[in-house]
Amino acid sequence: MKRMTRTPWFGPKKVIGWGWTPTSWQGVLVTIVFLILTLGSVLLWHGWGAGIAVPVLVAALLGIAVATGDPPGWAGRN
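Residues numbered from 1 in each chain as written. Predicted model: local features only at pLDDT ≥ 70, side-chain atom pairs only at ≥ 80, totals over all residues. Heavy atoms only, no water.

Quick question: what am I supposed to make of the pairing of strand S2 (residues 17-22) here?
Walk down a regular strand and you will see the side chains alternate between the two sheet faces. By the bridge criterion, 3 bridges tie strand S1 (residues 10-12) to S2 in an arrangement that is antiparallel. Looking across to S2, one finds that Gly11 is bridged to Thr21. Counted along the chain from S1 to the antiparallel partner S2, the turn is 4 residues long. (Pairing = 2+ DSSP bridges. Helix = DSSP H or I, 4+ residues; strand = E, 2+ residues; numbered from the N terminus.)

Any chance you could explain helix H1 (residues 25-44) here in plain terms?
An α-helix turns once every 3.6 residues. As a result, residues three or four positions apart point the same way. When the terminal C-alpha atoms of H1 are compared, their 28 Å separation across 20 residues agrees well with the 28 Å that a helix rising 1.5 Å per residue should span. All of the buried residues along H1 are Gln26, Gly27, Val30, Phe34, Thr38 and Ser41. Viewed along the axis of H1, the buried residues span an arc of 105°, placing them on a single side of the element. Turned more than 90 degrees away from the buried face of H1, the exposed residues are Trp25, Ile36, Leu39, Leu43 and Leu44. Those residues of H1 that are buried are in contact with S1, S2 and helix H2 (48-68). (Expected span 1.5 Å × (residues − 1). Buried < 20%, exposed > 50% of the residue type's maximum accessible area, 1.4 Å probe, protein only. Arc of directions from axis to C-beta. Contact = heavy atoms within 4.5 Å.)

Which parts of the structure should I look at to understand the confidence of the model for the protein?
Caution is warranted with low-pLDDT regions, since their predicted coordinates should not be read in detail. Here the protein averages 86 in pLDDT, and 94% of its residues register 70 or above. Per-element mean pLDDT across the protein ranges from 73 in strand S3 (residues 73-75) up to 93 in H1. (pLDDT = per-residue confidence, 0-100.)

What is the right way to read the environment of Ser24 from this model?
With respect to the element layout, Ser24 can be found in the loop between S2 and H1. The buried category is assigned to Ser24, whose relative accessible area is 15%. The spacing of Ser24 and Gly11 is 13 residues in sequence and 9.1 Å in space, taken between C-alpha atoms. Dropping the residues within four chain positions of it, Ser24 is found in contact with Pro8 and Trp9. Looking at Ser24, its side chain comes within polar contact range of the side chain of Gln26, at 3.0 Å. (Polar contact = N/O pair within 3.5 Å; in protein donor to acceptor, adjacent residues only side chain to side chain.)

See the structure below:
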C-alpha cells in the first residue's frame, strides 16, 4: 500500500519485536492521543463501553499506521 504522507509517521521496529514505531512528531502525537483516549475510555466507561471503545481505538491506530507509515518490520535478537 502506498503511504498517504510525504514522510513516514511510523517506521519498522528497531528494538525487539514486530510492528511500527513513531518516526516523526506526527507519529508521536498520534500515539500520545491514542494512549490518552484509551486510558480515558477505560477510566470513564467501565465494562461494555471500554470493551467497545478500546478495540475501535486500536483499529484506528493501526489504520493510521498503515496509511501513513512504511511497512512494519521485525527487529530481533541476532
